[in-house]
Amino acid sequence: MAKVLLKKNNHIRIIISGGGTGGHVYPAIAIADALKSIDESIEILFVGAEGKMEMEKVPQAGYRIIGLWVSGLQRKLTVKNLMFPFKLLHSLWKARRIVKEFKPQAVVGVGGYASGPVLKAANAKQIPTVLQEQNGYAGLTNKLLAQKAQRVCVAYPNMEKYFPENKIRFTGNPVRNDIMQLEGLREKAFEYFRLDPQKKTLLVFGGSLGAKTINDSLLQAIEVLLKKGYQIVWQTGKFYYNQLQVALEGKKGNGLWLGAFIDRMDYAYAVADLVVCRAGALSISELCLAAKATVLIPSPNVAEDHQTKNAMALVNEKAAIMVKDSEAREQFTEVVLDLLHDDEKREDLSKNICKLGKPNAAKDIAEEVLNLVKQKV
Ligand SMILES: CC(=O)N[C@H]1[C@@H](OP(=O)(O)OP(=O)(O)OC[C@H]2O[C@@H](n3ccc(=O)[nH]c3=O)[C@H](O)[C@@H]2O)O[C@H](CO)[C@@H](O)[C@@H]1O
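Reading guide: rules and limits
Per chain, residues are indexed from 1 in the order of the written sequence. Reporting in this predicted model follows two pLDDT cut-offs: at least 70 for local features of residues, and 80 or more for side-chain atom pairs to be given and counted; totals over whole chains, interfaces and linings ignore these cut-offs and use all residues. Once C-beta atoms are placed from the backbone, each residue is buried if 20 or more other C-beta atoms lie within 10 Å of its own, exposed if 12 or fewer, and partly exposed for counts between those two. Note on conventions: DSSP H or I runs of at least 4 residues are helices, E runs of at least 2 residues are strands, and numbering of each starts at the N terminus. By definition, residue pairs are in contact when their C-beta atoms, positioned from the backbone, come within 7 Å. A set of buried Ala, Val, Leu, Ile, Met, Phe, Trp, Tyr and Cys residues, joined to one another through C-beta atoms within 7 Å, is what we call a nonpolar core. Boundaries of every domain are those given by an automatic assignment or by a domain database. Nearness between a residue and a molecule or strand is assessed with a C-beta atom placed from the backbone; a distance within 6 Å qualifies. For this scheme, ten residues count as nonpolar: Ala, Val, Leu, Ile, Met, Phe, Trp, Tyr, Cys and Pro. Four count as charged, namely Asp, Glu, Lys and Arg, and the remainder, Gly too, count as polar. For two strands to count as paired, DSSP must find a minimum of two bridges between them. The convention used is that axes are lines fitted to C-alpha atoms, helices contributing only their stretch in contact, and that angles between N-to-C directions extend from 0 to 180 degrees. In these notes the angle categories are as follows: under 35 degrees is roughly parallel, over 145 is roughly antiparallel, 65 to 115 is roughly perpendicular, and the rest is oblique. When the near helix sits turned anticlockwise from the far one by under a right angle, the crossing is termed left-handed; a clockwise turn instead gives a right-handed crossing. When the strands point away from the viewer and the connection leading from the first strand across the helix to the second strand turns clockwise, the crossover is called right-handed.

Quick look at helix α12 (residues 306-315)
For step 1, the next point in the chain: Burial in α12 covers these residues: His306, Gln307, Thr308, Asn310, Ala311 and Leu314.
For step 2, the next point in the chain: If you follow the buried residues of α12, they end up packed against α11 (281-290), β12 (294-296), β13 (321-322) and α14 (343-354).

Here it is, written out as structure tokens:
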């Protein structure tokens, strides 16, 4: 194992662990940035899962990360499943080594495979732990980890169903700084996507990994949308990009930006008059801060249908439109055209979604973490 370099100094050391998808990785980075903005000297180490997107995105954000050899349990009998006990033992051992060598004063878990072993290792050494639950629903791992955590920072009400009430802090989800400051970005953003600032623009993305239903629906609608003079920023997800690139060859550049992943979500939100996306927790938190008129198509392939619950929290406040995954292909064109045409409707959605934003989440979580560190000293 690579040595966890530990400089001899009195700086505060924090481990942030978890990842797997953008919905876990970006809040982790936002918490790290907030800790650094409170005290630049804080040393932060990320622990993620080998092969997952955090291993690329965290170093890009300027932080060090160590990967664990860990994965989830599949529902079917697969070779991967047979490896599961070995991976689990190996990652528990490696997490203990990391905690022993880095000597963090607190550990933050953001969900995803790596959180479990690292938080358990911290518990064994009586190091305070903080959980950040992005969704309005909690899985088994987070429920178990919460028993020994000092704080659980949540983004939805009524989370006492899952976590001990006295540990809960209603902070909201931490959102990357650049997404919170969209003013003045429009011109640069339109240049980035090579689009015309005079035309109405639709942003379509399917969560951090893309979504087949959303891609299929937009593919059916694209001809009419472009013909009506609308522009589109379309994130396909890495699994679908090659196929769609071939299908859309002639259209790219003429009012269509097509990409597997959007590195500059701040620019994407800045150009968007309307957004269509999944109802992942982080996308929703970002849309609240960006105040965008939105159509949510919750993924049906997530635990306990939690994306529908995420979406309903907005729909109940008239802050977004929801279209079911099973009805998306049929309804997409009509719903999108209607909203792009109706400025007043979009304006109302934008006003209502804006009220649900929690701009101080990252800072509030960072402060919770640092208070625990201070209590220990
Ligand atoms: C299929 C699945 O398990 N989805 C879960 C996953 O979603 P997933 O990670 O897809 O979704 P989220 O909406 O929570 O987060 C997506 C993040 O990726 C960023 N982004 C997205 C596309 C892109 O091209 N570029 C980019 O930077 C977004 O700005 C956002 O920060 O974690 C979320 C948070 O626990 C859950 O609510 C979702 O249900």
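Overview of the nonpolar core
For step 1, the next point in the chain: Counting 113 residues, the largest nonpolar core has Ile16, Ile31, Val47, Leu202 and Val336 as its most contacted members.
For step 2, the next point in the chain: A domain-level breakdown of this core finds at least three residues from each of domain 1 (13-174 + 359-376) and domain 2 (178-354).
For step 3, the next point in the chain: Other than its neighbours up to four places away in sequence, Ile31 contacts Ile16, Val108, Pro174, Ala362, Ile365 and Ala366.

Some thoughts on the site of the ligand
For step 1, the next point in the chain: Around the ligand, 24 residues are found, and the nearest of them are Thr21, Gly22, Gly23, Gly207 and Gly280.
For step 2, the next point in the chain: Residue assignment for the shell around the ligand shows that the elements contributing at least two residues are α1 (22-38) and α11.
For step 3, the next point in the chain: Residue-level mapping places the shell around the ligand at the junction of two domains, with at least three residues from each of domain 1 (13-174 + 359-376) and domain 2 (178-354).

With respect to the domain arrangement of the chain
For step 1, the next point in the chain: What the domain assignment reports for the chain is domain 1 (13-174 + 359-376) and domain 2 (178-354).
For step 2, the next point in the chain: Measuring from the centre of the C-alpha atoms in domain 1 to the corresponding centre in domain 2 gives 29 Å.
For step 3, the next point in the chain: Opposite the 16 residues of domain 1 that make contact, domain 2 presents 14 residues.
For step 4, the next point in the chain: When grouped by side-chain class, the residues that make up the side of domain 1 that touches domain 2 number 7 nonpolar, 9 polar and no charged.

Comments concerning the sheet that holds strand β10 (residues 256-259)
For step 1, the next point in the chain: Within the open sheet, the 6 strands sit side by side as β10-β9-β8-β11-β12-β13. Their pairing is parallel. The open sheet has two free edges, formed respectively by β10 and β13, since each of these has just one partner strand.
For step 2, the next point in the chain: Sheet analysis places strand β8 (residues 201-205) next to strand β11 (residues 274-277), joined by 4 bridges and oriented parallel. Opposite Leu202, over in β11, you have Leu274 as the bridge partner.
For step 3, the next point in the chain: Packing of helix α13 (residues 325-341) onto the sheet brings it into contact with β8, β11, β12 and β13, and relative to β11 it is tilted by some 160 degrees.

Re the packing of helix α8 (residues 212-227) against α13
For step 1, the next point in the chain: Contact geometry for α8 and α13: axes closest at 9 Å, N-to-C directions at 30 degrees. It follows that α8 is roughly parallel to α13 by the angle criterion. As for the relative orientation of α8 and α13, their crossing is right-handed in sense. The segment α8 lies against α13, with Thr213, Ile214, Asp216, Ser217, Leu218, Gln220, Ala221 and Val224 engaging Asp325, Ala328, Arg329, Phe332, Thr333 and Val336.
For step 2, the next point in the chain: Residues of the contact of α8 with α13, tallied by class, amount to 7 nonpolar, 4 polar and 3 charged.

Considering the sheet that holds strand β5 (residues 129-133)
For step 1, the next point in the chain: Strand order in the open sheet made by the 7 strands is β3-β2-β1-β4-β5-β6-β7, with parallel pairing throughout. Pairing within the sheet leaves two strands with one partner each, and these edge strands are β3 (64-68) and β7 (168-170). On average, adjacent strands in this sheet sit at an angle of 20 degrees to one another, irrespective of strand direction.
For step 2, the next point in the chain: Pairing between strand β1 (residues 13-17) and strand β2 (residues 43-49): 5 bridges, direction parallel.

Here's the deal with the pairing of strand β4 (residues 106-109)
For step 1, the next point in the chain: Side chains of β4 alternate between two faces, with Ala106 and Val108 and Val107 and Gly109 buried alike.
For step 2, the next point in the chain: Direction of pairing for β1 relative to β4: parallel, over a ladder of 4 bridges. Bridge pairing in β4 links Ser17 to Gly109.
For step 3, the next point in the chain: Examined bridge by bridge, β4 and β5 share 3 bridges and lie parallel to one another. Bridge pairing links Val108 to Val130 in β5.
For step 4, the next point in the chain: Chirality of the crossover, the property in question, places the unit of β4, helix α4 (residues 115-124) and β5 among those that are right-handed.

Remarks on the pairing of β2
Side chains on a regular strand alternate between the two faces of the sheet.
For step 1, the next point in the chain: Of all 7 residues in β2, 6 are buried, a share of seventy percent or more.
For step 2, the next point in the chain: Running through α1, the crossover from β1 to the neighbouring parallel element β2 is right-handed.
For step 3, the next point in the chain: Bridging between β2 and β3 involves 5 bridges; their strand directions are parallel. In the strand pairing of β3, Phe46 is matched with Ile65.
For step 4, the next point in the chain: The handedness of the β2 to β3 crossover, carried by helix α2 (residues 54-60), is right-handed.

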